[in-house]
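One-letter residues, chain by chain:
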Amino acid sequence: MSSTQPNHSQANSGVINAVLAYMMWGFAPLYFKLLDSVGAGEILVHRIVWSSVLLLVIVFAIKKGPQFIQVITNKKQLSRLLLTATILATNWYLFIWAVNNDYLLDASLGYYINPLLNVALGIIFLGERLRKWQGVAVGLAVAGVLIQVVMLGTLPIISLVLAGTFGVYGLLRKKLHVDSFVGLLVESLVMLPIALIFWQFFIASPTSNMMENTSALNLTLIAAGIVTTAPLLCFTAAAKRLTLATLGFFQYIGPSIMFLLATFMYQEPLHPAKLATFAFIWAALMIYSLDSLRARRQKRANN
């Protein structure tokens with residue numbers, strides 16, 4: 001009994017951290033809505049600057065300084081992190097822009113599509129094999145997108161770019177084998193000079209000079225660092241205690257919260273075509289989740 005208790009305790013801790021991480025990501029739009037009078041580019045600058053500061057403190061506080069030095073002196077890893085930083089900055093900017101321009105439903109759809117896109121990327125780039133029901137799930141997701149194309153005559157560009165950038169980012173980071181905090185710190189530091197130059201010379205808004213802002217606004221802007229790193233802290237803690245398959249079942253919390261916020265709090269219009277797309281994606285995710293659960297049980301039985 002005592003030998004299994006630590007594992008049970010670890011699993012419970014992992015579940016709590018996973019729920020907290022995805023809930024924070026889901027409720028993040030509430031934070032960005034507080035800054036809807038500030039441009040998306042300016043918010044992105046603050047996100048990069050204050051994330052860099054906070055991550056620098058965290059990385060050295062948890063004694064990962066040697067790993068950080070090792071990464072920044074490795075030209076190959078550094079060049080790849082430059083690429084992932086560019087993709088991440090694109091994802092961050094588009095998400096902020098979507099939230100503050102009333103496209104939260106599109107952002108939600110993007111993060112619903114992401115797990116299914118990950119399956120496709122795994123097949124294309126990692127040589128993973130597609131199970132029958134995974135194929136059905138991906139097919140339903142494609143059909144859902146095509147419905148919107150036919151009914152509205154437009155592609156859900158925001159959703160697809162958010163899903164694509166996040167999916168490709170995850171794929172590249174998976175191949176890098178760099179600690180999540182160290183990697184994000186290096187990515188933030190790579191973005192930092194560009195962010196500072198942009199802040200100094202290209203932002204001419206009423207809020208760009210922090211010396212002229214109210215304390216409340218400055219604290220809200222600085223909080224961008226916490227909004228970025230806090231869910232990552234919880235996610236990393238969860239990933240250490242749970243299998244990736246188990247962790248995957250929690251990833252729908254974020255987009256579900258975004259969907260509810262967009263529909264009921266911000267009252268974004270849910271057109272029939274968009275609702276049909278969501279219905280297809282939800283069906284696809286249900287099939288995908290049930291198939292993943294069945295595969296896990298079968299693997300346990302075989303072991």
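All figures in this text were calculated on a predicted structure; none of them were measured in a lab.

**Q** Would you explain the overall build of the chain in this entry?
**A** Across its full length, the chain carries 13 helices and zero strands. Reading the secondary structure of the chain in the N-to-C direction produces α-α-α-α-α-α-α-α-α-α-α-α-α. Against the globule reference of 19 Å for 303 residues, the chain gives a C-alpha radius of gyration of 20 Å, in line with a compact fold. Structurally, the chain occupies a C-alpha span of about 60 × 55 × 40 Å along its principal axes. Per-residue burial over the chain gives 47% buried out of 303 residues. Looking at the chain alone, contacts between residues at least 24 apart form 85% of all its contacts between residues at least 6 apart. Accessible area of the chain: about 15700 Å², with a carbon and sulfur share of 68%.

**Q** Teacher, can you tell me more about the packing of aromatic side chains here?
**A** How two aromatic rings sit relative to each other is set out by the distance from centre to centre and by the angle between their planes. With the rule as written, the count across this model stands at 15 aromatic pairs. Ring plane angle 70° and centroid distance 5.0 Å describe the contact between Tyr31 and Phe32, whose orientation is recorded as edge-to-face. A residue is classified by how much of its surface remains accessible, and Tyr31, at 10% relative accessible area, is buried. Owing to a relative accessible area of 1%, Phe32 belongs among the buried residues under this scheme. Between the aromatic rings of Tyr112 and Trp282, the centroid separation amounts to 6.2 Å while the plane-to-plane angle is 85°, which identifies the pairing as edge-to-face. With Tyr112 in helix α5 (residues 104-126) and Trp282 in helix α13 (residues 272-302), this residue pair connects regions lying 170 residues apart in the sequence. Members of the aromatic cluster, each reached through a chain of ring pairs, are Tyr31, Phe32, Phe95, Tyr111 and Phe166. In this arrangement the basic side chain of Lys33 is found over the ring face of Tyr266, its NZ or CZ atom lying 4.7 Å from the centre.

**Q** Got a minute to help me understand unusual backbone geometry in this structure?
**A** When glycine is set aside, most residues are seen to have a negative phi, and most peptide bonds are trans. Of note, Lys63 is a non-glycine position whose phi angle comes to about 60°, a positive value. Mapped onto the fold, Lys63 is located in the loop between α2 (40-61) and α3 (65-72). At Gln267, a position not held by glycine, the phi torsion is positive, near 50°. Counting through the fold element by element, Gln267 comes out in the loop between α12 (253-265) and α13. The exposure class assigned to Gln267 is exposed, which follows from its relative accessible area of 63%.

**Q** Explain the nonpolar core here, please?
**A** Considering soluble globular proteins, one finds that nonpolar side chains tend to be buried as a cluster. Grouped together as the largest cluster of nonpolar side chains are 71 residues, with contacts concentrated most on Phe32 and Phe95. For this core, the element with the highest residue contribution is helix α4 (residues 75-100), accounting for 11 residues. Once you skip the residues sitting within four places of it in the chain, Phe95 turns out to touch Pro29, Phe32, Ala107, Tyr111, Leu162 and Met258.

**Q** Which parts of the structure should I look at to understand α13?
**A** An α-helical segment advances 3.6 residues per turn. Residues three or four places apart therefore align on the same side. For α13, with 31 residues, the first-to-last C-alpha span of 45 Å sits near the 45 Å given by 1.5 Å per residue. For α13, every residue scored as buried is listed here: Ala273, Lys274, Thr277, Phe278, Ile281, Ala284, Leu285, Tyr288, Ser289, Asp291, Ser292 and Ala295. Packing partners of the buried residues in α13 comprise α5, α6 (132-152) and α12.

**Q** What should I look at first to understand a nonpolar patch on the surface in this one?
**A** Taken together, Ile123, Ile124, Phe125, Leu126 and Leu130 make up a surface patch of nonpolar side chains, about 440 Å² in accessible area. Within the secondary structure, Ile124 sits in helix α5. The class for Ile124 is exposed, based on a relative accessible area of 59%.

Cut-off values and rules
- Residues numbered from 1 in each chain as written.
- Predicted model: local features only at pLDDT ≥ 70, side-chain atom pairs only at ≥ 80, totals over all residues.
- Heavy atoms only, no water.
- Helix = DSSP H or I, 4+ residues; strand = E, 2+ residues; numbered from the N terminus.
- Rg over C-alpha atoms; globule rule 2.2 N^0.38 Å.
- Buried < 20%, exposed > 50% of the residue type's maximum accessible area, 1.4 Å probe, protein only.
- Contact = heavy atoms within 4.5 Å.
- Areas by Shrake-Rupley, 256 points an atom, 1.4 Å probe, with all protein chains shown as cover.
- Phe/Tyr/Trp six-rings, centres within 6.5 Å; stacked < 30°, edge-to-face > 60°.
- Lys NZ or Arg CZ within 6 Å of the ring centre and 35° of its normal.
- Core = buried A, V, L, I, M, F, W, Y, C linked by side-chain atoms within 4.5 Å.
- Expected span 1.5 Å × (residues − 1).
- Patch = residues over 30% accessible without salt bridge, like charges linked within 9 Å, V, L, I, M, F, W, Y side chains within 5 Å.
- Salt bridge = Lys/Arg side-chain N within 4 Å of Asp/Glu carboxyl O.

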